[in-house]
Amino acid sequence: MFLGVGATTAVKVEAAEPKIDAKAALAVDLETGRVLLKQNADESLPIASITKMVTLYLVQDAIKSGQIKQDDTIKVPADIAKFSQDPALSNVPLTAGESYTVEELYESGWIYSSNAAAMLLADRVAGSQAKFVKMMQQQLEKWDINDAQIVNVSGLNNENIPAKLRVKGTDAKAENKMSAVDLAVVARHLLKKYPEILNITKIAEKVFDKGGVDEFTMHSFNRMLPNQVDSYADLTVDGLKTGTTDAAGESFVGTTKEGGYRILTVVMDAGGAKDDKGKRFKVTAQVMRHVYANWTKKTVYEKGDTSIVKPVKLKYGKEKSVKLESKQPVVVWTHNDTTDKTKIVLNKTKVNSAKKGEVFGTIKVQDDGLGYLPGLSGDAQLVATKNVKEKNIFEKLAQGIGEFFGNLF
């Protein structure tokens, strides 16, 4: 049964979408998961150090659960210390036998993309990198990401990891792979559960092991952060993670909040000159500007709104009707002159009772075709605002008799 239509009828977006110079690109609204730009976003591609979004999410889980603590110290074994000294790889140099806190290593993973730190944290959480990789795979499956290839905790190509530190059973030249959509799902889970991570990812510069033997100034690889000499920022970018290998190219998962809403962007293997270290940020800026120039977001129904539909009549209820409310806010998007439409569908109209929170229908949002991240939609449930009991047999009989005689006159 259809009761009312809101907004204007949505049609396929006709405005020309920009050609993004990258193998894949994606932009989504953080809150709703609404896709706002999409280009080859379903192809599985190498992800390099963007891998650390998954690694550090699981480390944060371990901290939150009390399995490990931020002030716990981790002693560096000789093999990882030697690995951390390789100038060709992204690392904070560490000294064998020295100890560093979980917090220091965790921050270095975000700010300086330290591969050795990722390994040390994985060993502490799971006991071995092989077990941690299994945890990563299981976490991705929980998020319905089933086609990812995860072979290590850092995102390096396996050939750049010493054989002794490589996860046994993985190919010597294997590399982690996911799609742009997959990365957006990961980033959304990360920021929805741990928004405080932005307090770290927005740091442009910080000293590691200050006053210690390995004091080292970390400069974030995210050149879209403000207050950097070579910043590419003209938006309020405060995260999230870069990734670079020969196979992945220059890639970046970014986030910014403008115009009243936060977006996530994914750029994989940005095009441009080989020596242009800013190309992924230039492409990301293009994506961000396009979104905010062409899309507007409007909440048409607030959570708890009872004015959307008339109360549902309860024939044999102890009250004559029950009000319905929206269980969550309902958002529509306008792309230039095209606006999503809403449609209200009631599944229950002939009932005698109601339980608070019981679902009676749905407010459906029909988008322009770009849709939402997997498992998400703009729909909201219409639920009962209160409990209403059904009349007993004697009350029903009395009501029936009253209705019978009432109809005679």
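Residues numbered from 1 in each chain as written. Predicted model: local features only at pLDDT ≥ 70, side-chain atom pairs only at ≥ 80, totals over all residues. Heavy atoms only, no water.

1. What about the UniProt feature "active site" (unreviewed entry) in the chain?
Note the cut-off: UniProt positions are given in the numbering used here, feature names are shortened, and annotations may be inferred rather than shown by experiment. The numbering of helices and of strands both runs from the N terminus, where a helix is a DSSP run of H or I of at least 4 residues and a strand a run of E of at least 2. The buried label applies to any residue whose accessible area, calculated with a 1.4 Å probe on protein chains only, is under 20% of its type's maximum; exposed applies above 50%, and partly exposed to all values in between. Here, two residues are considered to be in contact whenever any of their heavy atoms come within 4.5 Å of each other.
When the UniProt feature table is mapped onto this chain, "active site" (unreviewed entry) is found at Ser49, Lys52 and Ser113. A maximum C-alpha distance of 7.7 Å places the annotated residues, which cover 65 residues in sequence, within one compact spot. Relative to the elements of secondary structure, lysine 52 occurs in helix α1 (residues 52–65). Judged by its relative accessible area of 0%, lysine 52 is buried. Ignoring sequence-local partners within four residues, the contact set of lysine 52 consists of Tyr57, Gly109, Ser113, Ser114, Asn115, Ala118, Val153, Ser154 and Lys241. Tracing the sequence through the fold places serine 113 in the loop between α3 (102–111) and α4 (115–126). When neighbours within four sequence positions are excluded, serine 113 is seen to be in contact with Ser49, Lys52, Ser90, Ser108, Phe221 and Lys241.

2. Concerning the packing of aromatic side chains
Rules: We call Phe, Tyr and Trp rings a pair once their centres come within 6.5 Å, taking the six-membered ring for Trp, and we label the pair stacked below 30 degrees between planes, edge-to-face above 60, and tilted otherwise. In this scheme, the term charge over a ring applies when either NZ of a lysine or CZ of an arginine sits within 6 Å of the ring centre and within 35 degrees of the ring normal.
For the coordinates displayed, the defined rule picks out 10 aromatic pairs. For the pair tyrosine 57 and tryptophan 143, a centre-to-centre distance of 4.9 Å together with 75° between the ring planes defines the contact as edge-to-face. Highlighted residues: tyrosine 57 in helix α1 and tryptophan 143 in the loop between α5 (129–142) and β7 (177–178), separated in sequence by 86 residues. For the residue pair tyrosine 57 and tryptophan 143, the accessibility class agrees, reading buried in each case. Each residue in the set Tyr261, Tyr292, Trp295 and Trp333 is aromatic and connected to the rest through ring pairs, giving one cluster. Above the face of the phenylalanine 360 ring, lysine 348 is positioned so that its terminal group lies 5.7 Å from the ring centre.

3. Thoughts on the sheet that holds strand β18 (residues 338–339)
Spelled out, the test is: Note on pairing: DSSP must find at least two bridges between two strands before they are called paired. Helix axes are fitted only over the stretch in contact, all axes being lines through C-alpha atoms; the angle between N-to-C directions runs from 0 to 180 degrees.
One open sheet accounts for three strands, arranged β13-β17-β18; its pairing is antiparallel. What marks the edges here is a single partner per strand, and that holds for β13 (295–301) and β18. Strands β13 and β17 (330–335) of the sheet are contacted by helix α8 (residues 279–294), whose axis makes an angle of about 50° with β13.

4. Some words on the UniProt feature "binding site: substrate" (unreviewed entry) in the chain
In plain terms, the rule: Whenever two N or O atoms come within 3.5 Å, that pair is a polar contact, provided that in protein one can donate a hydrogen and the other can accept it, and provided that, for residues adjacent in sequence, both atoms are side-chain atoms.
Listed under "binding site: substrate" (unreviewed entry) in the UniProt record, and renumbered for this structure, are Lys241. If we skip the residues at most four places from it in the chain, lysine 241 touches Ser49, Ile50, Lys52, Met53, Gly109, Trp110, Ser113, Phe252 and Val253. Within polar-contact distance, the side chain of lysine 241 engages the side chain of serine 113 at 2.9 Å.

5. Re the packing of α3 against α4
Note the cut-off: When describing relative orientation, an angle under 35 degrees is termed roughly parallel and one over 145 degrees roughly antiparallel, while 65 to 115 degrees is termed roughly perpendicular and anything else oblique. Each crossing gets its handedness from the near helix: less than a right angle anticlockwise from the far helix is left-handed, clockwise is right-handed. As a working rule, the residues Ala, Val, Leu, Ile, Met, Phe, Trp, Tyr, Cys and Pro are called nonpolar, Asp, Glu, Lys and Arg charged, and the rest polar, with Gly in that last group.
Look at α3 against α4: their axes get within 8 Å of each other, and the N-to-C directions meet at 135°. Overall, the two elements α3 and α4 adopt an arrangement that is oblique. Of the two elements, α3 crosses α4, and the hand of that crossing is left-handed. Across from Val102, Leu105, Tyr106 and Ser108 in α3, the residues of α4 making contact are Ala117, Leu120 and Leu121. For the contact of α3 with α4, a count of residues per class yields six nonpolar, one polar and no charged.

6. A short note on the environment of glutamate 258
The residue glutamate 258 is located in strand β11 (residues 249–258) in this model. Sequence-wise, glutamate 258 and lysine 315 are 57 residues apart; in three dimensions their C-alpha atoms are separated by 49 Å. Discounting chain neighbours no more than four positions away, the residues touching glutamate 258 are Leu235, Thr236 and Tyr292. A distance of 3.0 Å separates a polar atom in the side chain of glutamate 258 from a polar atom in the side chain of threonine 236.

7. A word on the side chain of asparagine 152
Inspection of the secondary structure assignment puts asparagine 152 in the loop between α5 and β7. Owing to a relative accessible area of 3%, asparagine 152 belongs among the buried residues under this scheme. Polar contacts involving the side chain of asparagine 152 include one to the main-chain amide nitrogen of glycine 155, which spans 2.7 Å. Only 3.2 Å separates the side chain of asparagine 152 from the side chain of asparagine 158, close enough to count as a polar contact.

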